[in-house]
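Residues per chain, in single letters:
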Amino acid sequence: MRLVFIGPPGAGKGTQCRRLSGEFQIPHISSGDMLRASRDDSRIGKLIAGYIDGGNLAPDDLMMQFIIDRLRQPDCENGYLLDGFPRTVNQAEMLTGFLTERDQRLDSVVNLMVDENALVERLLARAESEGRADDTPETIQTRLKVFRNRTEPVLKYYRQRGIVIDVNAAGTPDDVFAVVRDALG
Ligand code: AMP
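Residues numbered from 1 in each chain as written. Predicted model: local features only at pLDDT ≥ 70, side-chain atom pairs only at ≥ 80, totals over all residues. Heavy atoms only, no water.

- As named in an unreviewed UniProt entry, the chain is Adenylate kinase, taken from Stieleria neptunia.
- Its UniProt record gives the chain the following Subcellular location (unreviewed entry) comment, quoted word for word: "Cytoplasm". (UniProt positions renumbered as here; feature names shortened; annotations may be inferred.)

In structure tokens form, the structure reads like this:
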């Protein structure tokens, strides 16, 4: 099962993907986690940190390199959950190219929907509990804007292919998990 999770920051992509990864026994691939793990004192590490901390997207080519390296690993053969990738139409097209070369396709794109006021509250609460550098009020606004401008078109791209599952993600993680699992099962 090859799945993509799309949703604005704070929609619960990471939480749901972690649980589903256990349920379906397929790897959870978080583009944000991959980039955070690459923050270091190297030139590229510093560049990546700048994108994350400003709430802006890393360049498509760079992101694609990370993802392709990961998707080529043997544990991805039976499928995976992509969390936070693709975030631009260009990334989505590159992913389609990668899959098509292998005679593969995505099964579903899960769209986690939460209203913006609730998202801001969740992200500010996460800032207190996890201390993520990009959960500041200003950066949250940037990330929401980036989602609207760059990532919502990705949903349109996949809607045209008829594979989007819309999920109301306003409830508790348990409620949302039950809905997503049923929708995919
Ligand atoms: P996330 O953990 O998914 O909220 O991602 C944290 C940050 O990593 C984002 O705000 C971006 O700066 C960067 N990032 C994550 N995924 C991508 C992607 N697919 N393309 C570009 N930048 C990304």
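**Details of the site of the ligand**
Phase 1 of the analysis: Around the ligand, the structure places 16 residues, and the nearest of them are Ser 31, Arg 36, Asn 56, Arg 87 and Gln 91.
Phase 2 of the analysis: The side chain of Ser 31 places a nitrogen or oxygen atom 2.8 Å from a nitrogen atom of the ligand.
Phase 3 of the analysis: At 3.0 Å, a backbone N or O of Gly 84 approaches a nitrogen atom of the ligand.
Phase 4 of the analysis: Taken by itself the ligand offers 480 Å² of open surface, and the protein chains cover 96% of this.
Phase 5 of the analysis: The set of elements that each furnish at least two residues to the shell around the ligand consists of helix H2 (31-37) and helix H3 (43-54).
Phase 6 of the analysis: For the shell around the ligand, the element with the most residues is H2, which contributes 4 residues.
Phase 7 of the analysis: When grouped by side-chain class, the residues that make up the shell around the ligand number 7 nonpolar, 5 polar and 4 charged. (Near = heavy atom within 4 Å. Polar contact = N/O pair within 3.5 Å; in protein donor to acceptor, adjacent residues only side chain to side chain. Areas by Shrake-Rupley, 256 points an atom, 1.4 Å probe, with all protein chains shown as cover. Helix = DSSP H or I, 4+ residues; strand = E, 2+ residues; numbered from the N terminus. Nonpolar A, V, L, I, M, F, W, Y, C, P; charged D, E, K, R; others polar.)

**Remarks on the packing of aromatic side chains**
Note on aromatic pairs: each is described by the distance of the centres and the angle between the planes.
Phase 1 of the analysis: Following the criterion strictly, the structure yields 1 aromatic pair and no others.
Phase 2 of the analysis: Between the aromatic rings of Tyr 157 and Tyr 158, the centroid separation amounts to 5.1 Å while the plane-to-plane angle is 80°, which identifies the pairing as edge-to-face. Assigned by exposure class, Tyr 157 and Tyr 158 land together as buried.
Phase 3 of the analysis: Between Arg 19 and the ring centre of Phe 177, over which it is positioned, the NZ or CZ distance is 4.1 Å.
Phase 4 of the analysis: The ring centre of Tyr 157 lies 3.7 Å from the NZ or CZ of Arg 161, which sits over that ring. (Phe/Tyr/Trp six-rings, centres within 6.5 Å; stacked < 30°, edge-to-face > 60°. Buried < 20%, exposed > 50% of the residue type's maximum accessible area, 1.4 Å probe, protein only. Lys NZ or Arg CZ within 6 Å of the ring centre and 35° of its normal.)

**Brief notes about the UniProt feature "binding site: AMP" (unreviewed entry) in the chain**
Phase 1 of the analysis: In the numbering adopted here, UniProt assigns the feature "binding site: AMP" (unreviewed entry) to Ser 31, Arg 36, Gly 84, Phe 85, Pro 86, Arg 87, Gln 91, Arg 132 and Arg 143. The greatest C-alpha distance among the annotated residues, which extend across 113 residues, is 24.9 Å, indicating that they are dispersed rather than converging on a single site.
Phase 2 of the analysis: Among the structural elements, Arg 36 can be located in helix H2.
Phase 3 of the analysis: With a relative accessible area of 28%, Arg 36 lands in the partly exposed category.
Phase 4 of the analysis: For Arg 36, the contacting residues outside a window of four places in its chain are Ser 30, Ile 52 and Arg 132.
Phase 5 of the analysis: A polar atom in the side chain of Arg 36 sits 2.8 Å from the side chain of Asp 33. (Contact = heavy atoms within 4.5 Å.)

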